[in-house]
Amino acid sequence: MRSLIPGRVAASTARHLFLIAVAVAFVFPLVWIVISSFTPSAELTSDPLGVLPDSATLEHYRTVITELGFLTNLRNSVLISLASTAITIVLATLAAHGVVRFFPRVGRRLTRILIATYMFPPILLAVPYATIMIKLNLVNTYTSLILAYLSFTLPYAIWMLVGFYQTVPLEIEESAAVDGAGKLRIFARISTPIVAPGIAATAVYTFINCFNEFLYALLFISSTEKMPVAVALYSITGAEVLDWGAMMAASALVVVPSVLFFMSIQKYIAGGLTEGAGK
Amino acid sequence: MSSITVNRPPAPTDPSPRRRTVTGLWRRLARADKVGVAFVLPSMVAVIGLLIYPVLSSVYYSLTDQNLLRRDHEIVWLDNFRTLITNADFWSAFGTSIRWTAGSIAGQLLLGLLLALCLDKVRRFSGLYRVLLIVPWAFPPIIIGFGWQWILDDVYGFLPNLLTALGITTENVSPLADPATVFWAVLGINIWFGAPLFMVNILAALKTIPKEQFEAALMDGANAWQQFSFITLRHIRNVIGLLVILRIIWVFNNFELLFLLTGGGPGNLTTTLPIFAYRTGWGLHQLGMASAITVLLLVFLLLMARIAFAALNYWEREDS
């Protein structure tokens, strides 16, 4: 009934038009990357405004995989990101459970502690990291990146996981303790299974961030065989002739999974900072 | 640092945050449950080794003439800082950083707030809008660079060709290479990238406002603007404040976005402090000088955060 009032209809229509316009603008780069990646090179240059190619092609994907060695770089990225994620999750679940059960006051101040770690510029950390990597002979190794990535994955993962571990009822742990379960056993067998979905979301998020990281990979890896995807893609822009089709195919291969992963943890992106702000 | 943020479920907050000294912390640790310490110790060691130690080490390097290609260095005390404050390129990068951060955050906040307010009101398609509107957030920096360079390419790019076809421009523009437009182009791209984060978090805060308050205000004859400023804004200002602080830090510290979009160019028009530090340290091999730049960057951020938190604390006291 309320929507029959003309003013409300106008306001509602205006809202929808605004949301549609912004949504189209926001999604356009993704759509354009995917379209371009299937468009033959000749059409990319002859008809820059052509929306749908006359004949879709997989030539760009072939170029990326066979000529640019994209699969090697993809394997590097996956290995580095998996290792970082595994270490992050093991350390962060222990720390989060520890903070919630043994240092609850620290847990309440964690948002501000997180912001403090956020303040250290990656470019500032990069200088000492670079000298340490040279001294320890870690330049051009996966280890250099796995270590450097912990600097941003660990604080964030602990912060997220403390939120999840705080939802575990104390009574469940207490009754397990009465039954004679040790503290490590309570952590591994009681609390952690309860927050498993939260751990999965944290892991996906950590993985995406490692996969997307650029600065440290640029600084510590110079050999093409060891490069993760982001830096390998950057290095091909130095080529004399830019093959836009191949670049878009490579981009699509990176961004489409990233968008899908991101949507899979969408549920956990909601909620949020609301409580951290002291309301 | 990460380009995306994910939030966690609600947690109780400490109503009276008190300052605690480092020695106090150690004393508490010594008194604390040994098993509890064992749980948090690995992470503490990692954080100290990966964050605290490097920061101290950077401060030390900033006082030396450390070169990327040499192992030894000499202590030059404040020479690096003295050189920097008389260096026009440093001040130019500092100014660019401030304009880039202020413009980006203002735009992201405004667009994110508008989107959240609209999404909060619409019922149909709200789930679909939300999914589409968070897409930019999922873009890795390298793809932001590639994608927008391709769309804005002056020969084959969609947008310059579209503008020409529509008769808005007589010949194809080159937004990322033209000194007159480059700043606005990168600003627009950063707003596209960052607005979804503001939108999602503000929307979550809007959902927590008790609806009765609006009904009561309506009874009292409050108009739409009064409802917005007295109820809505008051409820979400803490979230907005925290978001603004977090994103200012992030944008100010961010290296990748501009490096991958413009490389800091044309000339040094989009060279922010992180890019200036990168060029000094890895282009000119002057790691000591690069450290001095990053230390000044950190000091500036710490000062800003101090001021920002004073404002947040004031609001919190006012609310309680």
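What counts, and where the lines are drawn
- Residues numbered from 1 in each chain as written.
- Chains lettered and ligands numbered in written order.
- Predicted model: local features only at pLDDT ≥ 70, side-chain atom pairs only at ≥ 80, totals over all residues.
- Heavy atoms only, no water.
- Buried < 20%, exposed > 50% of the residue type's maximum accessible area, 1.4 Å probe, protein only.
- Helix = DSSP H or I, 4+ residues; strand = E, 2+ residues; numbered from the N terminus.
- Arc of directions from axis to C-beta.
- Contact = heavy atoms within 4.5 Å.
- Phe/Tyr/Trp six-rings, centres within 6.5 Å; stacked < 30°, edge-to-face > 60°.
- Domains from an automatic or database assignment.
- Buried area = accessible area lost by both parts, 1.4 Å probe.
- Salt bridge = Lys/Arg side-chain N within 4 Å of Asp/Glu carboxyl O.
- Polar contact = N/O pair within 3.5 Å; in protein donor to acceptor, adjacent residues only side chain to side chain.

A. Structural view of helix α3 (residues 59-67) of chain A. Residues and elements named next belong to chain A. Of all the residues in α3, the buried ones are His60, Tyr61, Thr63 and Val64. Around the axis of α3, the buried residues are gathered within 160 degrees of arc, so they sit on the same side. Exposed residues on α3 whose side chains face more than 90 degrees from its buried face are Arg62, Thr66 and Glu67. On its buried face, α3 sits against α1 (6-38), α2 (41-46), α4 (70-102) and α14 (244-264).

B. Structural context of the packing of aromatic side chains. Under the defined criterion, the tally for this structure stands at 37 aromatic pairs over all chains. On the basis of an interplanar angle of 70 degrees and a centroid distance of 5.4 Å, the ring pair of Phe187(A) and Phe39(B) is categorised as edge-to-face. With Phe187(A) in helix α10 (residues 183-194) and Phe39(B) in helix α2 (residues 34-61), the pair connects residues from two separate chains. Per residue, the accessibility class of Phe187(A) equals that of Phe39(B), and both read buried.

C. Quick look at the domain arrangement of chain A. Residue and element names in this part refer to chain A. Domain parsing of chain A yields domain 1 (2-57) and domain 2 (68-276). Its C-alpha centre places domain 1 at a distance of 33 Å from the equivalent point of domain 2. Domain 1 puts six residues into the contact, and the matching count from domain 2 is eight residues. Of the roughly 540 Å² buried between domain 1 and domain 2 on both sides combined, carbon and sulfur atoms contribute 86%. Looking only at domain 1, the three residues that lose the most surface to domain 2 are Leu30, Ile33 and Ser37, adding up to 67% of its buried area. Where domain 1 meets domain 2, there are zero salt bridges. Put simply, domain 1 and domain 2 have zero residue pairs in polar contact (both at pLDDT 80 or more) between them. Of the residues forming the side of domain 1 that touches domain 2, the biggest block, five residues, is contributed by α1.

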